[in-house]
Structures are given as C-alpha cells and as structure tokens.
Amino acid sequence: MQAERSSAEPLRAGVVGLGYAGEQHLKNYVRVPGVEAVALAGLEEEKLNELGERYGVPDLYTSWEDLVARDDLDIVSIGAPNHLHAPIAIAALEGGRHVLCEKPLARTGAEAERIVSSAREANRAVHIAFTQRERGDVQALKRHVDEGNLGRIYHAKATWMRRNGIPGMGGWFTSKELAGGGPLIDLGVHMIDMALYLMGEPEVESVSCATYAELGPQGRGGWAGKGLMQGDKPYEVEDLATAFIRLAGGATLNLEAGWAVYRESSDDFGVTLYGTDGGAEMKVRNYGTSDTVRIYTDVAGVPAVVTPEIAPREGHLAVVRRFVETIRGGDWEGQFGEDGLSRARIIDACYASAMENREVSLGEIATEETV
Ligand SMILES: NC(=O)c1ccc[n+]([C@@H]2O[C@H](COP(=O)([O-])OP(=O)(O)OC[C@H]3O[C@@H](n4cnc5c(N)ncnc54)[C@H](O)[C@@H]3O)[C@@H](O)[C@H]2O)c1
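For every chain, the first residue of the written sequence is number 1, and numbering continues from 1 onward in sequence order. For this predicted model, a pLDDT threshold of at least 70 governs which residues receive local features, and a threshold of 80 or more governs which side-chain atom pairs are given and counted, while totals over whole chains, interfaces and linings are taken from all residues. By convention in this description, side-chain values take in all heavy atoms of the structure and omit both hydrogens and water.

Points about the domain arrangement of the chain
A common way to report how large an interface is uses the accessible area buried once the components associate.
(1) Moving on: Splitting the chain by domain gives domain 1 (11–132 + 317–336) and domain 2 (136–312).
(2) Moving on: For the purposes of this description, domain bounds are those given by an automatic or database domain assignment. Taking only C-alpha atoms into account, the centre of domain 1 sits 26 Å from that of domain 2.
(3) Moving on: Counting from both sides, the interface comprises 12 residues of domain 1 and, opposite them, 15 residues of domain 2.
(4) Moving on: Throughout, buried area stands for the accessible area (probe radius 1.4 Å) lost by two parts on being put together, summed over both. Together, the buried faces of domain 1 and domain 2 total about 1,200 Å²; carbon and sulfur atoms form 59% of this surface. In what follows, a contact means two residues having at least one pair of non-hydrogen atoms within 4.5 Å.

Here's what the structure looks like:
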C-alpha cells in the first residue's frame, strides 16, 4: 500500500480505457485541481500514444494489469468494458487505490458486492460515474424536490430511447458475457439512478420487467447505420427493456430503456415526477441542455407551468471533481460503491423477472455475499 500523500501534492491517477469514457476521465483529471493523470492503459496502441500525448500522461500501458501493479497510484479510474470493472476495481482496491468506476458498477449484483466488500476491507472509496444525475437540470430538480415543492412523489417515469443507437454492434456491448446486458444495464442504469436519486432513494421492493430483442439480432439499429459484419460476435442482449418497479411506501416507477425501436430518429431521455403538491418533467433531446424542465404547480388556484432557466453542467467534470474532493477531504465513509450495488441488484431482479415472466421481489435475488 502506498504512503499517504501530503496535502500539497496532487493525487496520482491511472486511467484504464481509451474510448469515450476513458477520455472523459483523463480530460477531467487534467482540468480538476489536486489530481494528475500519470498513467493510461488501453489496447489500441495508436490511440494510447495519441491520448497520452494530448493529455500529457507520462506512462502508457497496453494492459490494465501493468497499470494497476504500480505502487505509486492513489486512484485507478475504470473506463473499460463492463466485464473488466470488477477485476480491475478489486485488484486496485487490494493494492490500496481509490476507484472511480464507470457505470454500471458491474455486470451483476454478486460482482458489485465483491467490489463493495473489497472497498470496505481496504477502506478505499469507490465512486461510480453516474454522470447524468450531475446534469444541471437534474440537480435543479433535486433541489426543487428537496425543498418539498412536489410534496410526496407517488409515481415516476424514467425513459431513455433511441431509434438507431446500439453501441458497438458486434463488439463487447452486444455480448451478454462481456456487457452483462443491453440497454437496461447501459442506459436503464442511468435512469434508475436518476429516478431513485430524485425520489430520495426509496427501497425497491419488486420489479416486473420485459425485455425484447427484435432489431439487434437482425443487424438493425446500430449507431451510424452500422450492422453486424462477418466475424462479429452474435447479438446476444435485449434491444428494449420495460419495467414496472414498486417502491417502499407505495410509490411506483415506470422504466423504459431502448437502443433501437421504430420511433423518432433521436436519442432522448427524461424523467417525470408526479407528487401530491406538484409535478415535474425533464425531457432531454439529443443530449441538449436548454429548456429541458417543466414544473407543474398551482398559482392562485389555477394550473401553472414554470420553465426554469438552468445552466448546463458537465457530468464527468462534476463526477471527477466530487471524487477528488472526497479523497482529498479524507472522509469516504459510506462511499464504497453502495449506490452502484443497489442499482446492480435492481437490474438483476429485472433480468430475472423478464426471464421468468413474473414479478420478482428484491429479497428473492439477494446473493450469498449479502453485505
Ligand atoms: N457515464 C457515461 O456517460 C458513459 C459513456 C460511455 C460509456 N460509459 C461506460 O464506460 C465503459 C467503457 O465504455 P466506452 O464506450 O468508452 O467503451 P470502448 O469500447 O470505446 O472503450 C473501452 C476501452 O477499454 C480498453 N480495454 C479493453 N480491454 C482492456 C485491457 N485488457 N487492458 C486495458 N484496456 C482494455 C479498450 O482498449 C478500450 O480503449 C463502459 O462501462 C460504459 O458503460 C459511460
């Protein structure tokens, strides 16, 4: 385990992954004070050299094991495919590093539990890049909810839907083994996180979920029209998932997550909240940041709509800033990846429900390593 760094020295971060996620981690370690990116790992050598040069990272590796084996890192940041989240996180935690992990924390609740137990044992923080909850509009809605303006929220809807948005068709994203699932684990995890965060983290009691794989297996619905090619992995995951989720206290949540369905040609997500004293709706079209929120209330006894002006906020920047502040502040009690674990268990229950064609309670899918 490395020596504790003095408060004047920047934290030393190593990033695994050269795709969108890895580059976001890297870019923000450069922007946020109190941390520096000293190591980068990824399989694509040309990209590795290019990113290393662009962000001034001195040490480059073509395998994550070599990066994690260093004894001078404070942070390991994971922007790798989902099947590598648990092995990288656990090795890093056992070596005494803090971990910033991309969503989903892991492919299953059991894997997520192993990460959380390792973090507790090592007393090192695990943060998950739930970047969408950091958006300016979600944060503004959260303040609105926390001020009590909606009263008690008794029903919510959360949706992320694309027309042609299967990522990496024929690669790791569409392999059950490597990704753990399709749009439910990829996009749905953001929307479950966002809805539960806004609702004040109610316990999930049960889920009734259905999954479909209609377009993907036919090679339709890929980003930029990309279809399955010879030599690709078969399309093994759902392309649409829908779930009805019962929460403690009687509230409910409707979830919908789709990579590819016949609908508008856009990439849209949003949340609707129905409360006893007010309602709210956030609709984000193609990752836009303006005019996304409507708040429904009564003014002088008649229905009124408020359209707040909300400044945009970058998700990965906010995540990295919060993570670095937590570690520099020296107190990460209760920040061992528990929120990633709770989302992983809900997703386990959704896949079990879809497979068994029935409502599944969260208690039924508790695993042997319950923490
Ligand atoms: N929070 C967000 O907004 C967001 C956005 C995109 C992706 N993600 C998540 O980030 C993760 C990565 O997604 P992506 O789209 O960047 O994927 P990607 O396929 O573009 O990149 C994955 C990277 O991992 C590297 N890698 C694979 N095996 C490796 C190994 N053995 N050693 C070292 N490096 C290895 C690859 O070389 C590649 O550079 C996923 O978990 C995904 O869900 C999150």
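Details of the site of the ligand
(1) Moving on: Here a residue is near a molecule or strand as soon as one of its heavy atoms is found within 4 Å of it. As a structural note, the neighbourhood of the ligand is formed by 27 residues, with Leu18, Glu44, Asn82, Glu102 and Trp172 the closest of them.
(2) Moving on: We call two N or O atoms a polar contact when they sit within 3.5 Å, provided that within protein one can donate a hydrogen and the other can accept it, with sequence-adjacent residues counted only if both atoms are side-chain atoms. At 2.9 Å, a backbone N or O of Leu43 approaches an oxygen atom of the ligand.
(3) Moving on: Interatomic distance of 3.0 Å between a side-chain N/O atom of His85 and an oxygen atom of the ligand.
(4) Moving on: Residue-level accessible areas treat just the shown protein chains as cover; the underlying method is Shrake-Rupley with a 1.4 Å probe. Compared with its free state, where it exposes 850 Å², the ligand has 83% of that area covered by protein.
(5) Moving on: Helix and strand assignments follow DSSP, with helices taken as H or I runs no shorter than four residues and strands as E runs no shorter than two, numbered in order from the N terminus. Breaking the shell around the ligand down by element, the ones donating at least two residues are α1 (20–31) and α8 (183–198).
(6) Moving on: Gly is placed with the polar residues, together with every amino acid not listed as nonpolar (Ala, Val, Leu, Ile, Met, Phe, Trp, Tyr, Cys and Pro) or charged (Asp, Glu, Lys and Arg). A breakdown of the residues in the shell around the ligand according to their chemical character gives 13 nonpolar, 10 polar and 4 charged.
(7) Moving on: Here the shell around the ligand spans two domains, and each of domain 1 (11–132 + 317–336) and domain 2 (136–312) adds at least three residues to it.

Digging into the pairing of strand β10 (residues 252–258)
Side chains on a regular strand alternate between the two faces of the sheet.
(1) Moving on: Taking burial as the measure, the 7 residues of β10 include 5 buried ones, the bulk of the element.
(2) Moving on: Two strands qualify as a pair provided DSSP detects at least 2 bridges between them. Bridge count for strand β7 (residues 153–162) against β10 is 7 bridges, and the pairing is parallel. The residue bridging Ala158 from the neighbouring strand is Leu255, located in β10.
(3) Moving on: Connecting strand β9 (residues 240–247) to the next strand, β10, in antiparallel fashion are 4 residues, including Gly249 with a positive phi near 90 degrees. Throughout this description, buried means an accessible area under 20% of the type-specific maximum (1.4 Å probe, protein chains only), exposed means over 50%, and partly exposed covers the range between.

Focus on the sheet that holds strand β3 (residues 59–61)
Through backbone hydrogen bonds, the strands of a sheet pair up, either in parallel or in antiparallel fashion.
(1) Moving on: Reading across the sheet, the 6 strands line up as β3-β2-β1-β4-β5-β6 and stay open at both edges, with parallel pairing between neighbours. Looking at the sheet topology across the chains shown, the edges are occupied by β3 and β6 (126–129). Neighbour-to-neighbour, the strand axes of the sheet open up by a mean angle of 25 degrees, direction not taken into account.
(2) Moving on: For strand β1 (residues 11–16) and strand β2 (residues 35–41), the ladder comprises 6 bridges, and the chain directions are parallel. Across the sheet, residue Arg12 finds its bridge partner in β2, namely Glu36. For helices, the axis comes from a line fit to the C-alpha atoms of the stretch in contact; other axes are also lines fit to C-alpha atoms, and the angle between any two N-to-C directions lies between 0 and 180 degrees.

Observations regarding the packing of aromatic side chains
(1) Moving on: Pairing of aromatic side chains requires ring centres within 6.5 Å, counting the rings of Phe and Tyr and the six-membered ring of Trp. Pairs whose planes differ by under 30 degrees are stacked, by over 60 edge-to-face, and all others tilted. On inspection of all chains with the given rule, the structure shows 4 aromatic pairs.
(2) Moving on: When the centroid spacing of 4.4 Å and the interplanar angle of 40 degrees are considered together, the rings of Trp160 and Phe269 count as tilted. Separated by 109 residues along the polypeptide, Trp160 in strand β7 and Phe269 in strand β11 (residues 267–275) bring together distant segments of the chain.
(3) Moving on: Of the residues examined, Phe269 reaches a relative accessible area of 3% and is grouped as buried.
(4) Moving on: Seen in terms of ring centroids, Trp172 and Phe173 are 3.8 Å apart; in terms of plane orientation they differ by 25 degrees. Their pairing is stacked.
(5) Moving on: By way of ring pairs, the aromatic residues Trp160, Phe269 and Tyr287 are connected into one cluster.
(6) Moving on: Positioned above the aromatic ring of Tyr351, the side-chain terminus of Lys176 is 4.1 Å from the ring centre.
(7) Moving on: Only when the NZ of Lys or the CZ of Arg is both within 6 Å of the ring centre and within 35 degrees of the ring normal is a charge said to sit over the ring. Sitting over the face of the ring of Phe130, Arg343 holds its NZ or CZ atom 6.0 Å from the ring centroid.

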